[in-house]
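# Structure at a glance
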2 protein chains.
Amino acid sequence: MSSYQAPLTDMRFVLFDVLGAEATFQRLGYTEATRDVLDAVLEEGARFTETVLAPLNSEGDRKGCSLDQATGAVTTPPGFKQAYAQYVDGGWAGLTSPAEFGGQGLPHAAGVPLKEMIDAANLAWGNFPLLSHGATEALLHHGEAWQQEVFLKPLVEGRWTGTMCLTEPHCGTDLGLLKTRAEPQADGSYTITGTKIFITAGDHDLTDNIVHLVLARLPDAPSGSKGISLFVVPKVRVDRDGNTGAVNAVRCGSLEHKMGIHGSATCVMNFDGAQGWLIGQPHKGLMAMFTMMNTARLAVGLQGLGLSDRALQNALRYSRERLQMRALSGAKFPDKPADPIIVHPDVRRMLLTCKALVEGGRVMGYDAALQVDIAQHAADAGEREQADALVGFLTPIVKACLTEWGVECTYHALQCYGGHGYIAEHGMEQLARDARITTLYEGTTGIQALDLLGRKIMQLQGVGLKAFLAQVSRFCDEHADHAALAEFIGPLREKATQWQQLTMRVGKNAAANPDEIGAAAYDYLMYSGYVVLAYWWARSVATAEASAQSQAFKDDKRATATFYFARILPRTLAHAAAIDSGIGGLPSLPVEGHA
Amino acid sequence: MSSYQAPLTDMRFVLFDVLGAEATFQRLGYTEATRDVLDAVLEEGARFTETVLAPLNSEGDRKGCSLDQATGAVTTPPGFKQAYAQYVDGGWAGLTSPAEFGGQGLPHAAGVPLKEMIDAANLAWGNFPLLSHGATEALLHHGEAWQQEVFLKPLVEGRWTGTMCLTEPHCGTDLGLLKTRAEPQADGSYTITGTKIFITAGDHDLTDNIVHLVLARLPDAPSGSKGISLFVVPKVRVDRDGNTGAVNAVRCGSLEHKMGIHGSATCVMNFDGAQGWLIGQPHKGLMAMFTMMNTARLAVGLQGLGLSDRALQNALRYSRERLQMRALSGAKFPDKPADPIIVHPDVRRMLLTCKALVEGGRVMGYDAALQVDIAQHAADAGEREQADALVGFLTPIVKACLTEWGVECTYHALQCYGGHGYIAEHGMEQLARDARITTLYEGTTGIQALDLLGRKIMQLQGVGLKAFLAQVSRFCDEHADHAALAEFIGPLREKATQWQQLTMRVGKNAAANPDEIGAAAYDYLMYSGYVVLAYWWARSVATAEASAQSQAFKDDKRATATFYFARILPRTLAHAAAIDSGIGGLPSLPVEGHA
């Protein structure tokens, strides 16, 4: 079985030293978000995830969820229910929700390390509370007062959980095709009828009620994506005064058999005239749903990060223990029957790849979360606007890169184990299987790439990119004479300039032919992610040097940054060449025809 | 469930048109290996694999193998035994084995398309007959006459299967550490005692006997890898006259629970004073085992190829059927509710990546097999020697690249399905799980990389590389004035030159510090693989143009080659940068310490 230890030292370094989160929180008016409070959250979070969630991970994979076909009731794996009760009792559910609804009122970014720990400890379990946050956001921003009163409090306290019911058998990305119907009733409610698939935590035994946020069409709805409305549909009916009543006409029809996250219930949900309530304006449901989706996308990015870190931790330990062959330059441990495999450069290549992507990715993911707080709470409108642009720009990068790197890191970490990595008992293959979902759900990597290039760069004229580049430029200027950083600042500045030029070339091509956006999108997104990471690595070294961290810590950061710039950042060369080849390098394939 | 159709058109194109295999076979004296015979083998092989093996693949994954703990007997999934009987009845087992032992005497390369089909249709099933070939090779080259008489015939006919028993719990790559003991007996036999792990097809119900090839130490053995001997240990005892007797003291102790290839029995084998016979010279077992390993490595490369092709076939079909969103440049099928996703450039990027790696990889894999035939049967000693150098050089590239690309292609193909790819019923996730073993067994990618750079380039002074580069150079010269090929010939020549220069730089670094070999090995191997593929793509276009293939076929080859040169070959830029950063870009990690 793979083990997990929350990386508190690096989490603190990222949050407090690199990103200066404490000062930002104070500036944003989160007076209670002091270093002491945040440290306590980190330590208690580590205890909860390491001792309660992590031990359930392997059995959850083996046993999975089960469905009682007669009742539609889903049973979660052994221990999941008890762990969830502890999660609620510990006040974790509402950590970053508003105090007026029973939350702890901490900033969004303060919840992010906890999220990473939960995902690393037990991704499948983490999917049960995950979408409560999205539902909370949607209700906070678009719900009527009585809806907030009735639904928000139990969600925030964790007594109920939430879902996002978007996908139907014939439409995932293309929600304009959805068919679920909503009929208005005399009492102001609606009856919802249709089938939704891939509903994470659609049913389970952790709570008494489940709050489904459902996209459906009103009778007078325009066709396509402009005719979609959002409804709240509880598993157990609730009236406007919050009284629960009969079971609603919604039930789980089947559970999907999946490659991984077996402990997470992925449900087909049948709505058969279920009672629901409209959230926000008619036909404006997709916009309300986007509120949930952005939060969910950043959260899925953290899933990739958490799994990568757990995979790395185990691969590091195994590579230190496993004795096999001698170093090419001569035995390093002649008293042992062989050298530990960590001495072999190729094993180090795999470990350092994970380390560079995990630690750099952590800064990237946490920074995006901090921008969410700034976008919502900065006193200055200009600062809010800029942060909002950064969030929009960074969200697809964080989601896609951290999950693609999650697939990559779990691959390398498993590879370090050799054949043993393929065997279930070591737990490495579970991490790889679990990671595989993250580049698919909440928008595939291809969809994130289109969001970045088509919307954030082209439609919004790259306002987020400009803000980010200004930040990079400022940092490079500040450290222009810092000899100890010269090996990073020069290449970073050069790469940032190339990024800008590349963006202009892509923009020019796309203006001539919109298909150029699709041809460039994926490589543009990955290119961007590697430059963003180069910036965070350079800043991590600069921050470490100036900090009170140990010399070993500083050396470690510098060595990993050196590796990153030498061996990972050059991937941008391949991505740039692919982008520059344009749609001409991507010939069409016959739509009809033999395979 | 994923489907499979043997790609006979492309197989024929590769074998006969690009590689000119028929003429080569005739030249090597395989008079019976005519086009007619080979065509019949392809067609019958397609029928067998498509209709017998492929339908068992999904259930084999779900049911897996089971072990009777009381007897140590392994039961294979439903249908496997019947399919194996058909395989034996069809004469497939001995297709490329010598006629004197009951084989059909066809050349090695003639069996390779069948191998690809078997792996694509049902990788887990394919692992049962797989190592019979290795055992056959070892006995042919190193066995005494009576051993050949007794063991070879049933292996060739398929009445018995073979295994390779190398790995022990504490040693995989580093066989010098192995502990299994062999004690000489008065009758000339040996008693073998020890535990072997990861033994593919170690026990099963397909045949009455199993021939284990086992590495063990004699009492007077020097320590390390120079003290290892090879023994043949049948499951059921056999005397020198071929009479079978009592069950031998070898049994399966447990089956591994694995990420994939559930239908393949991966056994812990306990040898408890089992009767065995020495193969070849005492203490020279590792060399004899290498005979088996090279064959097995090329075979595992084909596994990656087969899975990639099956994944691609299904992703292509799905991408043509699945309607989602409109093309960015405007609706392509306005009468449908949405366009098929194959019109989206990013979906094409994934499909074309698979297509370029599969079709190019097929030439690479088949060519290596053809070199094996030339190395063994060419009349001219110089030609044999050169082919032998090419086999040595190409084997690690074929094994590592085709399997790494297998992981990549099954990733892309699954990704084309979106969330549906993660669901078991579509069969795409099984392909991804099955593919994951191929970069691990028969030597990890890292081990292949060391074999290529440390042994084939450095120790053997790149004789195989030189032969390959000469081939590339000849081809470029021949087509120097061929305007229709200019877009490929120029970049190919340039890349080949850079490859040569890179090799010299690596060699110089390595001479100064042997750790530089380890630092460069993986990236050097992948770099090499991409250049090799560029050559085969250029040749594929040249061959297609000059052939009687349809215009659609020619266009298809050219389009895929264009894609390859534009969007895949640039990966060499990233690999070259990583190589050139040397050991300095790969800092050491503390052997002791926190994760």
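Just so it is clear, the model here is predicted, and its values are computed rather than measured. Position labels on residues start from 1 in each chain and follow its written sequence. Note on labels: chains are lettered from A, ligands numbered from 1, in written order. Residue-level local features of this predicted model are given only where pLDDT is at least 70; pairs of side-chain atoms are given and counted only at 80 or more, and the full residue set underlies all totals for whole chains, interfaces and linings. The basis for the side-chain values is all heavy atoms of the structure; hydrogens and waters are excluded.

## Some thoughts on the side chain of R362 of chain B
All names here are of chain B. Keep this limit in mind: By definition, any uninterrupted DSSP run of H or I lasting at least four residues is a helix, any uninterrupted run of E lasting at least two residues is a strand, and each is numbered from the N terminus. A 1.4 Å probe rolled over the protein chains alone gives each residue an accessible area, and that area as a share of the maximum for its type sets the label: buried under 20%, exposed over 50%, partly exposed in between. Whether two residues are in contact is decided by their heavy atoms: any pair within 4.5 Å suffices.
Relative to the helices and strands, R362 resides in helix α9 (residues 345–377). Take R362: its relative accessible area is 1%, and that puts it in the buried class. If sequence neighbours within four positions are ignored, R362 has contacts with P7, D10, M11, V14, E116, L305 and D309.

## Remarks on the interface of chain A and chain B
Interfaces are frequently sized by the accessible area removed from exposure as the parts join. As a reminder, the rule being used: Buried area: the accessible surface (1.4 Å probe) lost by two parts on joining, summed over both. By definition, a salt bridge exists where a carboxyl oxygen of Asp or Glu is found within 4 Å of a side-chain nitrogen of Lys or Arg. Under this definition, polar contacts are N or O atom pairs within 3.5 Å; protein pairs additionally need one hydrogen-donor-capable and one acceptor-capable atom, and for neighbouring residues in sequence, both atoms have to be side-chain atoms. Residues are sorted three ways: Asp, Glu, Lys and Arg are charged, Ala, Val, Leu, Ile, Met, Phe, Trp, Tyr, Cys and Pro are nonpolar, and all the rest, Gly among them, are polar.
Contact with chain A, which involves 95 residues of that partner, is made by 95 residues of chain B. Roughly 7,900 Å² is buried in total at the junction of chain A and chain B, and carbon and sulfur atoms are behind 64% of that figure. Taken as a group, Y422, R567 and L589 of chain A account for 11% of the area that chain A buries against chain B, more than any other trio of residues on that side. In this structure, D523 of chain A and R567 of chain B form a salt bridge, with 2.7 Å as the shortest nitrogen-oxygen distance. Linking chain A with chain B are 46 residue pairs in polar contact (both at pLDDT 80 or more). In terms of residue count, helix α9 (residues 345–377) of chain A provides more of the side of chain A that touches chain B than any other element does, seven residues in total. Split into classes, the residues belonging to the side of chain A that touches chain B amount to 49 nonpolar, 26 polar and 20 charged.

## Let's talk about the packing of aromatic side chains
Note the following rule: Stacked, tilted and edge-to-face pairs are distinguished by plane angle, under 30 degrees for stacked and over 60 for edge-to-face with tilted covering the rest, among Phe, Tyr and Trp rings (Trp via its six-membered ring) whose centres lie within 6.5 Å.
The full count for this structure, using the stated rule, is 46 aromatic pairs over all chains. Ring plane angle 55° and centroid distance 5.2 Å describe the contact between F488 of chain B and F565 of chain B, whose orientation is recorded as tilted. In this pair, F488 of chain B sits in helix α14 (residues 486–512) while F565 of chain B sits in helix α16 (residues 551–568), placing the two residues 77 residues apart along the sequence. Note on accessibility: F488 of chain B and F565 of chain B belong to one class, buried. An aromatic cluster of three or more residues is present, and its members are F393, F468, F475, W499, Y535 and W536 of chain A.

## A few points about the UniProt feature "domain: Acyl-CoA dehydrogenase/oxidase N-terminal" (unreviewed entry) in chain A
Here is the rule we go by: UniProt positions are given in the numbering used here, feature names are shortened, and annotations may be inferred rather than shown by experiment.
Within this structure's numbering, the places UniProt gives as "domain: Acyl-CoA dehydrogenase/oxidase N-terminal" (unreviewed entry) are residues 43–158 of chain A. Its end C-alpha atoms 21 Å apart, residues 43–158 of chain A is made of 62% helix and 5% strand.

## With respect to unusual backbone geometry
All names here are of chain B. With a phi angle near 60°, A201 is a residue other than glycine that sits in the positive phi range. By the element assignment, A201 lies in the loop between β5 (190–200) and β6 (209–216). For A201, a relative accessible area of 0% translates into the label buried. Phi is positive for H283, close to 65°, though the residue is something other than glycine. Looking at the secondary structure, you find H283 in the loop between β11 (266–279) and α8 (285–321). Overall, H283 belongs to the partly exposed group, its relative accessible area being 22%.

## Topic: the domain arrangement of chain A
All names here are of chain A. To keep things clear, this is the line we draw: The start and end points of each domain follow an automatic or database-based domain assignment.
By domain assignment, chain A separates into domain 1 (8–142), domain 2 (161–284) and domain 3 (459–586). Taking the mean C-alpha position of each, domain 1 and domain 2 sit 24 Å from one another. Facing 28 residues of domain 1, the contacting portion of domain 2 comprises 25 residues. Of all residues in domain 1, V74, F128 and L131 give up the largest surface area on contact with domain 2, accounting jointly for 26% of the area buried on that side. Here domain 1 and domain 2 share zero salt bridges between them. The interface formed by domain 1 and domain 2 contains eleven residue pairs in polar contact (both at pLDDT 80 or more). Among the secondary structure elements, those contributing two or more residues to the side of domain 1 that touches domain 2 are α4 (57–63), β1 (66–68), β2 (73–75), α5 (80–89) and α6 (112–142). Tallying contributions element by element places α6 first for the side of domain 1 that touches domain 2, with ten residues.

## Focus: the packing of helix α15 (residues 515–546) of chain A against helix α16 (residues 551–568) of chain A
Residue and element names in this part refer to chain A. Keep this limit in mind: Here an axis means a line fitted to C-alpha atoms, over the contact stretch when the element is a helix, while the angle between two N-to-C directions is reported on a 0 to 180 degree scale. In these notes the angle categories are as follows: under 35 degrees is roughly parallel, over 145 is roughly antiparallel, 65 to 115 is roughly perpendicular, and the rest is oblique. A clockwise turn of the near helix away from the far one marks a right-handed crossing, whereas an anticlockwise turn of less than a right angle marks a left-handed crossing.
As a packed pair, α15 and α16 sit with axes 9 Å apart at the nearest point and diverge in direction by 155°. One way to sum up the angle between α15 and α16 is to call them roughly antiparallel. Crossing angle aside, the handedness with which α15 passes α16 is left-handed. Facing Y530, L533, A534, W537, A538, V541, A544 and E545 of α15, the residues of α16 in contact are F553, K554, K557, R558, T560, A561, Y564, F565 and I568. Residues of the contact of α15 with α16, tallied by class, amount to twelve nonpolar, one polar and four charged.

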